[in-house]
Amino acid sequence: MLNEIEAVIFDLDGSLVDSMWMWEAIDVEYLAGFGIERPLDLQSRIEGMSFHETAVYFKENFQIPDELDKIKAD
């Protein structure tokens, strides 16, 4: 039955592993590097956005001077 399966991908975030606290901490630290205090409603604003969409949001809404690739890498 499982002989032809070569790989399995599990998305555990939000079900078995809760990493949402980590993303909020990353946002706080990242924005602080630019002297920006994280808006209290930031999580609700970016909830549901992809990683790329969030980088675009940060660049446009917080006037981050870095290119999108650098924002994502940081």
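Every value quoted in this text rests on a predicted model; they were computed, and no experiment measured them.

**Section: the packing of aromatic side chains**
Using the criterion set out here, one finds five aromatic pairs in the structure. The structure contains a cluster of three or more aromatic residues connected by ring pairs, namely Tyr-30, Phe-34, Tyr-57, Phe-58 and Phe-62.

**A short note on the pattern of salt bridges**
Two side chains of opposite charge can pair, provided their charged atoms sit close to one another. If you walk through the whole model with that rule in mind, you get three salt bridges. Residue Arg-38 is joined to Glu-24 by a salt bridge in which the shortest nitrogen-to-oxygen separation is 3.1 Å. Taken together, the residues span a long stretch of sequence, with Arg-38 in the loop between helix H1 (20–32) and helix H2 (42–46) and Glu-24 in helix H1 at a distance of 14 residues. Assessed through its relative accessible area of 17%, Arg-38 is described here as buried. Given a relative accessible area of 31%, Glu-24 falls into the partly exposed group. Of the charged contacts in the structure, one is a salt bridge between Arg-45 and Asp-41, with a shortest N-O distance of 2.8 Å.

**Some thoughts on the environment of Phe-51**
Tracing the backbone shows Phe-51 in helix H3 (residues 51–61). C-alpha separation for the pair Phe-51 and Lys-72, spaced 21 residues apart in sequence, amounts to 7.6 Å. Other than its neighbours up to four places away in sequence, Phe-51 contacts Trp-23 and Lys-72.

**Section: the confidence of the model for the protein chain**
Overall, the predicted model of the protein chain reaches an average pLDDT of 89, with 93% of residues at or above 70. Mean pLDDT values for the elements of the protein chain range from 89 in H1 up to 97 in helix H4 (residues 68–73).

**Quick look at H3**
Taken as a whole, H3 has its buried residues at Thr-54, Ala-55, Tyr-57 and Phe-58. Each buried residue of H3 lies within a common arc of 160° when the element is viewed along its axis, so the set occupies one face. Tucked into the core, H3 has its buried residues touching H1, H2 and H4. Downstream of H3 by a residue or two, Gln-63 has a phi angle that is positive, lying close to 50°.

**Focus: the nonpolar core**
The biggest cluster of nonpolar side chains holds 10 residues, and these are Tyr-30, Leu-31, Leu-42, Ile-46, Ala-55, Tyr-57, Phe-58, Phe-62, Ile-64 and Ile-71. Every element with two or more residues in this core is listed here: H1, H2 and H3. The element best represented in this core is H3, accounting for three residues. Not counting chain neighbours up to four residues away, the residues in contact with Leu-42 comprise Asp-27, Leu-31, Tyr-57, Phe-58 and Phe-62.

Calculation notes
Residues numbered from 1 in each chain as written. Predicted model: local features only at pLDDT ≥ 70, side-chain atom pairs only at ≥ 80, totals over all residues. Heavy atoms only, no water. Phe/Tyr/Trp six-rings, centres within 6.5 Å; stacked < 30°, edge-to-face > 60°. Salt bridge = Lys/Arg side-chain N within 4 Å of Asp/Glu carboxyl O. Helix = DSSP H or I, 4+ residues; strand = E, 2+ residues; numbered from the N terminus. Buried < 20%, exposed > 50% of the residue type's maximum accessible area, 1.4 Å probe, protein only. Contact = heavy atoms within 4.5 Å. pLDDT = per-residue confidence, 0-100. Arc of directions from axis to C-beta. Core = buried A, V, L, I, M, F, W, Y, C linked by side-chain atoms within 4.5 Å.

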